[in-house]
Amino acid sequence: RNQVKILGVPIDQITAQEAFQQLTVFLEGDTLKKVYTPNPEIIMVAQQDQRLLNVLQEADLVLPDGIGLIIASKIKGLGLKERVTGIDTMDKLLTYCGEKQKSIFLMGGKPGIAALACETMKKQYRGIKIAGFHHGYFQETDEPQIIEEINQVAPDVLFVCLGAPKQEKWIHKYRDQLNCKLAMGVGGSVDIYAG
Ligand code: UDP
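Computed from a predicted structure; not experimentally measured. (Residues numbered from 1 in each chain as written. Predicted model: local features only at pLDDT ≥ 70, side-chain atom pairs only at ≥ 80, totals over all residues. Heavy atoms only, no water.)

Undergrad: Account for the environment of Lys-34, with residues named and values stated.
TA: You can see Lys-34 is positioned in strand E3 (residues 33-36). Spatially, the C-alpha atom of Lys-34 lies 7.8 Å from that of Arg-175, the residues being 141 residues apart in sequence. Look past the residues within four positions of Lys-34 in its chain and what remains in contact with it is Glu-58, Ala-59, Asp-60, Leu-61, Ile-171, His-172, Arg-175 and Ala-183. (Helix = DSSP H or I, 4+ residues; strand = E, 2+ residues; numbered from the N terminus. Contact = heavy atoms within 4.5 Å.)

Right under this line is the structure:
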């Protein structure tokens, strides 16, 4: 695993296709893998937020989402290969999950939005197994119940759309309790799929 550091944040030196390959490997593993797609804004936030920096440092894969990161890498000769967006990676992963009978759980967005997004996914990705969904406006006291709901259906992939850096911290907080193979923070993707 080759990573480059941008302002102390390790980013994987990987193409979109290599990232996708890595995710398919993660899906066959037996521990939860945490995947984030920070943009320059989040890297700036991490400068003032040690906890966020730790969360990003402990990720299993950090994708360079944002052309600003690629430009920074070029200027400094750091060697990032290309921009890898969360939404593009999610699209590839959903196609793969449909083909391989892997299940997904979608969390986040305003009430009703995740359900709409799932309807789009069912139309767009042949064979996709949607294990469940949940909106993203819950209280901390609701979280044990949500974890239970996710673990009951044990999805292969958990997409978390709570906005950055909330989603990254949420995944990190529950990393040892979540019964899934892959948890990925994908920001506003739920809204994109909802249309
Ligand atoms: N969101 C959520 N719970 C929250 C805050 C945000 O579910 O407590 C959702 C919001 O509805 C949106 C998504 O997180 O669907 C991404 O939010 P935003 O666009 O602010 O984040 P970014 O894409 O910039 O990470």
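Moving on, there is more to tell.
Undergrad: Describe helix H7 (residues 143-153), naming the residues involved and giving the relevant values.
TA: Residue pairs three or four apart in sequence face the same way in an α-helix, which turns once every 3.6 residues. Residues of H7 that are buried: Glu-143, Ile-146, Ile-147 and Ile-150. Projected down its long axis, H7 carries its buried residues within an arc of 100°, all on one side. Projecting away from the buried face of H7 at angles above 90 degrees are the exposed residues Pro-144, Gln-145 and Gln-152. Contacts from the buried residues of H7 go to strand E5 (103-108), strand E6 (129-134), strand E7 (157-161) and helix H8 (166-173). (Buried < 20%, exposed > 50% of the residue type's maximum accessible area, 1.4 Å probe, protein only. Arc of directions from axis to C-beta.)

Undergrad: How would you summarise the packing of aromatic side chains if you had to cite specific residues and measurements?
TA: What the rule picks out here adds up to four aromatic pairs. A ring pair is formed by Trp-170 and Tyr-174, whose centres lie 4.9 Å apart and whose planes are at 55°; its orientation type is tilted. Taken together, Phe-138, Trp-170 and Tyr-174 form an aromatic cluster joined through their ring pairs. (Phe/Tyr/Trp six-rings, centres within 6.5 Å; stacked < 30°, edge-to-face > 60°.)

Undergrad: An account of the sheet that holds strand E4 (residues 61-62) is requested, with residue identities and associated values reported.
TA: The six strands lie next to each other as E4-E3-E8-E7-E5-E6, forming an open sheet whose pairing is parallel. A strand with exactly one partner marks an edge of an open sheet, and here the two such strands are E4 and E6. Here E3 runs beside strand E8 (residues 182-185); their pairing, made up of three bridges, is parallel. Residue pairing in the sheet places Val-35 in a bridge with Met-184 of E8. (Pairing = 2+ DSSP bridges.)

Undergrad: So what's going on with the environment of Thr-141? Which residues, and what values?
TA: The topology assignment puts Thr-141 in the loop between E6 and H7. The exposure class assigned to Thr-141 is exposed, which follows from its relative accessible area of 71%. Sequence separation between Thr-141 and Leu-52 is 89 residues, and the spatial gap between their C-alpha atoms is 22 Å.

Undergrad: Give me the site of the ligand: which residues, what numbers.
TA: In the vicinity of the ligand there are 14 residues, among which Gly-109, Gly-136, Tyr-137, Lys-166 and Asp-191 approach most closely. Between the ligand and the protein, one listed contact pairs an oxygen atom with a backbone N or O atom of Cys-161 at 3.1 Å. Here the shell around the ligand is composed, by residue class, of five nonpolar, six polar and three charged. (Near = heavy atom within 4 Å. Polar contact = N/O pair within 3.5 Å; in protein donor to acceptor, adjacent residues only side chain to side chain. Nonpolar A, V, L, I, M, F, W, Y, C, P; charged D, E, K, R; others polar.)

Undergrad: Could you give an account of the pairing of strand E2 (residues 9-12), naming the residues involved and the relevant values?
TA: Residues in a regular strand point their side chains to alternate faces of the sheet. The alternating pattern of E2 places Val-9 and Ile-11 and Pro-10 and Asp-12 on opposite faces, both of which are buried. Judged from the four bridges that link them, strand E1 (residues 3-6) and E2 form a sheet pairing that is antiparallel. For Lys-5, the partnering residue across the bridge sits in E2 and is Pro-10. A loop of two residues connects E1 with E2, the two strands running antiparallel in sequence, and Leu-7 in this loop sits at a positive phi of about 50°.

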